[in-house]
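Residue-level structure breakdown
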Amino acid sequence: MKIGDVVVRKSYGGDIAFKIIDIVPGDNDVYLLKGINLRIEADSLIGDLELVADDVVYEIDKVFNKKVNASIKRILMNRNGGGYRGDRATAIDFKGKIKEMQSKQEKYKDFKDKDMIFGRPGKILHVDGDAEYLEVCLKTYKQLSLDAVGRVILEKNQPSEIVRLVKEVKPDIVVITGHDGMVKGITDYIDLDNYRNSRYFVEAVMALRTYNSNYDDLVIFAGACQSCYEAILDAGANFASAPNRVLIHCLDPVLVSEKIAYTNIETVVAIEDVIQNTITGLSGIGGLQTRGKYREGFPKSQYI
């Protein structure tokens, strides 16, 4: 087996497809693995690995792509149906105020309220330990008309780099992610020593909260597959993974960010709405009430 091969682990029943990303030589070579579509890292001896045929890899990708496309389609349909607010009731209320203004002031008699409203979603900084996953995420941000800046930073370096990046980019929403995973057979699910990278996510969040303690001013998502959810939230994240220590999809952080970025700043986003936006769902993503980051403007410039 070589770097780039797609494999499964026989001792886990072949439940997850991995790509071999490195081989550490020794008396028994250790194969370093990362999930295909799932934000998990692992290692294994060659005796526990089994190659996955190309047609099986294609079917795995097909299933995940179908879920992603369905999520993006649903998000765009909901957004267009309720304005760009993520909150239909508030949008209707705002338009009602405009109509009232029209009836009172003659100078507004000719404007069309829908055409005069513009908006700006929240800006996103996405820090990822995996360059391939970040590329997929940035492509999806673009599909969702989101202003996102991406940086590849290894998980262990994220705590020391994150505040500098936030000062540079000045985002409304920060995503801190990459890969993670639990040590096999653990019984203490709170001990950070039992996770590959949860400690780094926790330290990065703590550094950000020292810099900016306001949960509505700076919105933070942190975590990856099987991450220590409770510790990340306690450190100061608005949203984290994974409540049930499950594997999360590589695009879940993107879909969480989209919901916050396109919900009006007057609205506190219902946590269940954020979770419904994701692919993994309740077992993989959770968090706290958070105010949206979408700001409406009026009137729209006639020159753009």
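For the structure, see preceding data.
Keep in mind the model is a prediction, meaning the values are calculated, not measured.

**Examining helix α4 (residues 131–143)**
- The end-to-end C-alpha distance of α4, which contains 13 residues, comes to 19 Å, matching closely the 18 Å that a straight helix rising 1.5 Å per residue would cover.
- Among all positions of α4, only Tyr133, Leu134, Cys137, Thr140 and Tyr141 are buried. Summarising the axial view, the buried residues of α4 lie within an arc of 125°, below the 170-degree limit, and thus occupy one face. Exposed residues on α4 whose side chains face more than 90 degrees from its buried face are Glu135, Lys139 and Lys142.
- Directly beyond the C-terminal end of α4, a positive phi value near 55° is found at Ser145.

**Remarks on the sheet that holds strand β2 (residues 18–24)**
- A sheet is described by the order of its strands in space; here five strands give the open sequence β4-β3-β2-β1-β5, paired in antiparallel fashion. Only two strands of the sheet have a single neighbouring strand rather than two, namely β4 (41–45) and β5 (49–51). Taking each pair of neighbouring strands and ignoring which way they run, the sheet shows an average axis angle of 50°.

**Remarks on the sheet that holds strand β14 (residues 286–287)**
- A sheet is described by the order of its strands in space; here six strands give the open sequence β9-β8-β10-β11-β12-β14, paired in mixed fashion. Only two strands of the sheet have a single partner each, and these edge strands are β9 (148–152) and β14.
- Two strands pair when backbone bridges link them, and strand β8 (residues 124–128) and β9 are joined in this way by five bridges, in the parallel orientation. Counted as the bridge partner of Leu125 is Val149 from β9.
- In the packing of α4 onto the sheet, contacts are made with β8, β9 and β10 (173–177), and the angle to β9 comes to roughly 175°.
- Of the strands in this sheet, β10 and β11 (219–222) touch helix α6 (residues 198–211), which is tilted by about 160° from β10.

Rules of the game
- Residues numbered from 1 in each chain as written.
- Predicted model: local features only at pLDDT ≥ 70, side-chain atom pairs only at ≥ 80, totals over all residues.
- Heavy atoms only, no water.
- Helix = DSSP H or I, 4+ residues; strand = E, 2+ residues; numbered from the N terminus.
- Expected span 1.5 Å × (residues − 1).
- Buried < 20%, exposed > 50% of the residue type's maximum accessible area, 1.4 Å probe, protein only.
- Arc of directions from axis to C-beta.
- Pairing = 2+ DSSP bridges.
- Axes fitted to C-alpha atoms, helices over the stretch in contact; angles between N-to-C directions.
- Contact = heavy atoms within 4.5 Å.

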